Amino acid sequence: MSVVESGLAVVPPGGRRRLPSLLVVFCSLVLVGLAIATFFGRSLAPKDPSVQNLLDAGAPPGHGHVLGTDGLGRDILSRVLVGTRQALEGPMVFCVCVTLIAVVFGLLAGFKGGWTETVIMRATDMLFAIPALLVIIITVGLLGGGYWLAVGLLVILTSPSGIRVVRSAVLAQRNLPYIEAARTLGVSNTKLMFIHVLPNILPNVVASILLDFVGGLIGLSSLSFLGLGSPPGASDWGRMLTENRPLLEGNPWAAVTPAVLLIVTAFSVTVLGDWAFQRLERRNNDRG
Amino acid sequence: MSILWWLLRRLVIIGLQLLAVSIVVFGILYLSPGKPEQILLGTQPANPQVLAAIRAKYHLNDPIVSQYWLWLRHALHFDFGRSIQTGQTVTGAISERLPVTIDLAIYAVVLVVLIAVPLGLIAGTRPGTFVDRGITTVITIGFSAPAFALGLASLYVFGVTLHWFPIYGVGSGFVDRVRHLTLPAATLAMMVIALIARQTRASAMRVNDQDFMTFARVRGLTPRVIWLRYLLRNSALPVVTSIGLVIANFLTGAVIVEQTFALPGIGTLVLDAITTKDIPVVQAVGLLAAFIVLMANLVADLSYTFLDPRLRTRTSV
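Not measured: the values here are computed from a predicted model. (Residues numbered from 1 in each chain as written. Chains lettered and ligands numbered in written order. Predicted model: local features only at pLDDT ≥ 70, side-chain atom pairs only at ≥ 80, totals over all residues.)

What chain A contains, in helices and strands, is 10 helices and zero strands. Ordering the α and β elements of chain A from the N terminus gives α-α-α-α-α-α-α-α-α-α. Across its three principal axes, chain A shows a C-alpha extent of roughly 75 × 50 × 30 Å. The buried share among the 288 residues of chain A stands at 48%. Long-range pairs, those at least 24 residues apart, make up 73% of the contacts in chain A with a sequence separation of at least 6. (Helix = DSSP H or I, 4+ residues; strand = E, 2+ residues; numbered from the N terminus. Buried ≥ 20, exposed ≤ 12 C-beta atoms within 10 Å, placed from the backbone. Contact = placed C-beta atoms within 7 Å.)

Moving on, we come to the overall build of chain B. Scanning chain B from N- to C-terminus turns up 13 helices and zero strands. What you see in chain B, going N to C, is helices and strands ordered as α-α-α-α-α-α-α-α-α-α-α-α-α. Oriented by its inertia axes, the alpha-carbon framework of chain B measures out at about 85 × 60 × 35 Å. Out of the 317 residues in chain B, the part that is buried amounts to 37%.

To continue, consider the packing of helix 5 (residues 90-125) of chain B against helix 8 (residues 174-208) of chain B. Residue and element names in this part refer to chain B. The contact between helix 5 and helix 8 brings their axes to 5 Å, and the two run at 30°. Of the two elements, helix 5 crosses helix 8, and the hand of that crossing is right-handed. Residues belonging to the contact of helix 5 with helix 8 are distributed by class as follows: 24 nonpolar, six polar and three charged. (Axes fitted to C-alpha atoms, helices over the stretch in contact; angles between N-to-C directions. Left-handed = near helix turned anticlockwise from the far one by under 90°. Nonpolar A, V, L, I, M, F, W, Y, C, P; charged D, E, K, R; others polar.)

Attention now moves to the confidence of the model for chain A. Residue and element names in this part refer to chain A. A residue-level look at chain A finds 92% of positions with pLDDT of 70 or above and a mean pLDDT of 81. Taking the mean pLDDT of every element in chain A, the minimum, 81, falls on helix 3 (residues 114-128) and the maximum, 89, on helix 2 (residues 76-112). Note that pLDDT drops below 50 for residues 1-7; the model gives that stretch 16 contacts with residues more than four away or on any other chain. A low-confidence stretch, residues 9-17 (pLDDT under 50), is modelled with nine contacts involving residues beyond four sequence positions or located in other chains. (pLDDT = per-residue confidence, 0-100.)

Another point: the interface of chain A and chain B. Chain A puts 38 residues into the contact, and the matching count from chain B is 40 residues. Looking at the side of chain A that touches chain B, the elements that each hand over two or more residues are helix 4 (132-143), helix 8 (202-225) and helix 10 (253-286) of chain A. Considering only residue class, the side of chain A that touches chain B consists of 27 nonpolar, eight polar and three charged.

The angle between the axes and the distance between the axes are what describe a pair of packed helices. Residue and element names in this part refer to chain B. One way to put it is that helix 5 packs onto helix 6 (residues 130-144) with a least axis distance of 8 Å and a crossing angle of 140°. For the element pair helix 5 / helix 6, the angle class is oblique. Pair helix 5 / helix 6 crosses with left-handed handedness. Facing helix 5, whose interface residues are L119, I122 and A123, helix 6 presents V131, D132, I135 and T136. Counted by class, the contact of helix 5 with helix 6 contains five nonpolar, one polar and one charged residues. (Parallel < 35°, antiparallel > 145°, perpendicular 65-115°, else oblique.)

All names here are of chain B. Confidence in the prediction for chain B averages 81 pLDDT; 95% of positions are at 70 or higher. Ranking the elements of chain B by mean pLDDT puts helix 2 (residues 36-41) last with 73 and helix 12 (residues 266-275) first with 88. In the predicted assembly, ipTM is 0.78 and pTM is 0.81.

Counting residues in hydrophobic clusters, the biggest one holds 153 residues, and the most contacted among them are I137 and V166 of chain A together with V270 of chain B. Here this core gets 18 residues from one element, more than from any other, and that element is helix 2 of chain A. Those residues in contact with V270 of chain B that sit more than four places away from it in its chain are V255, V281, V282 and V285 of chain B. (Core = buried A, V, L, I, M, F, W, Y, C linked by C-beta atoms within 7 Å.)

Attention now moves to helix 12 of chain B. Quick reminder: α-helices carry 3.6 residues per turn. Residues three or four places apart thus point the same way. Residues and elements named next belong to chain B. Taken across its 10 residues, helix 12 has eight buried, putting it largely inside the fold. If you check which residues of helix 12 are buried, you get I266, G267, T268, L269, V270, L271, A273 and I274. Phi for K277, located one or two positions after helix 12, is positive at around 55°.

Next up on the list: helix 2 of chain A. Residue and element names in this part refer to chain A. In a regular helix each residue adds 1.5 Å, so 37 residues correspond to 54 Å; helix 2 covers 53 Å between its end C-alpha atoms and thus fits that length. Its axis deflected by about 35° at G83, helix 2 carries its strongest bend there. In terms of burial, helix 2 is a largely internal element, 28 of the 37 residues being buried. Where helix 2 ends, the next residue or the one after it, G113, has phi of about 65°, a positive value. (Expected span 1.5 Å × (residues − 1). Bend = angle between axes of the 7 residues up to and from the residue.)

Residue and element names in this part refer to chain A. As for its position among the elements, G106 is in helix 2. Residue G106 is classed as buried on the basis of its 28 C-beta neighbours within 10 Å. Beyond its immediate sequence surroundings of up to four residues, G106 is in contact with I163, V166, R167 and V170.

Below, the discussion takes up unusual backbone geometry. Residue and element names in this part refer to chain B. Unlike most non-glycine residues, F78 shows phi in positive territory, near 55°. Structurally, F78 can be placed in the loop between helix 4 (64-76) and helix 5. A count of 12 C-beta atoms within 10 Å places F78 in the exposed class.

All names here are of chain A. By the element assignment, L31 lies in helix 1 (residues 22-44). Overall, the presence of 14 C-beta atoms within 10 Å leaves L31 in the partly exposed class. Distance in space between the C-alpha atoms of L31 and L44 is 17 Å, their sequence separation being 13 residues. The residues touching L31, leaving out its near neighbours within four places in the chain, are S268 and L272.

All names here are of chain B. Tracing the backbone shows L41 in helix 2. Placed 10 residues apart in sequence, L41 and L51 show a C-alpha to C-alpha distance of 7.4 Å. Leaving out residues up to four positions away in the same chain, L41 has contacts with A46, V50, L51 and I54.

Next comes the structure, spelled out in structure tokens:
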């Protein structure tokens, strides 16, 4: 797939010990920071993120608020910190679910062939051409149901492309000698799939986990931005953007901080996805 | 001859797909919470007479199949009823909002062609160099960042801080319109630029390594000929064929970008309709969106065959 060859982490061939580039180090640090904010955000926050102070509304940085306040006088830094978990838990659940579905059905379709493959691939064809986010906007907007319904729908509508990626990776393995050898030794199909084939397609799986995470982050934060994902009042990054957009002249940090965080998060995960893909692929190739 | 046959078959399939979509779209009225007559009533005060009148007017007492048939017949004549919120005909509301969205889309396409293809070609012909890394970094940001976050950041930098572009409105007259739509169009185009530049880069890398490229250089052809006739033409295939993906992207993108920049286009129309449960508007826009996606995929497949003669023989696939 061309999706994983942006080549950011490409290291010139022939290097002896390949050290990760500065960019990769930076992106890893971003991820560590995000993990800390996810788990300890509530205790790190200097103020209560939901306490309103209308006298102090829309104030620029200073006066005890490092990043100023929003239209209701709530502390931006605290809201951003606490909002990290809200912003990342959906994409996490999303990418894990998509990957599980993609691996199981992709392996089955690619390895078993026959009618199993036909049924799975026809089903994915049906869902493939649908503009997922548009459908989710309409469904969630009309039915209500909120955040986790959106996550579920996004999983269903994204899995087809994941299944295709895994299947095509499996097809490349299916006729290699090691499979035949294992089969001759009487290894069962299930064991073949999960013990022998899976490690060999791991680079694709890892890359697609990380790319799916980015896709989930974009999709779910877009929904929150449109006012459809997270509930009103939640300190969600996407929702903060909409709520604080009118403050661009007063306290721009209120809207710009979550925007920059979303951009940096998505960028870092993409870069690490590329990097991990290339490392794992090289290791697999080195082993022959 | 066979291509006509293929086209005919595709059109029939598209018709069937649209029919399936129309059933779902019609069903929206029944799937949304609340009774249909209550939804169609909107914010007016309810009393039994009004509700009964609405039931009669929309034929809600008829069997559901004949209701669908009636709705479909009207839809085929571009009659989707009236907006519950404004009382305007749905077709009227759409045609009022459509120009802004179309201008936005055209502007974005121009940006994509002018920026993405050259970037991809430049990066693809010098893989691993400083230039390539710079371009791929920008591409990765555009590819991974949510459009509304980029839009808002650019609104702050170029609108609020630098005052290069206006913050609100769509402008009147060509120059003013271009000025007002520059930031939205750039935001809408960003993701697609990243997508197309990425694919162009990959295919330019492949093409650049081919023997005919080396031979063209050895023969001493001018860079102009090499770039336009050899590189561009051979790298263009994946670009043109991703048009389906691009259109699908624009559809969703328009909703988000119009909301970010508060533009009165189709995107904000459908979003408002969704939040106010204005079902007739949602139904019409939903059907329109499905039609656009299906057509875009057809055009993408057609462009495949026209650009690459080798594929013409196996059109039956």
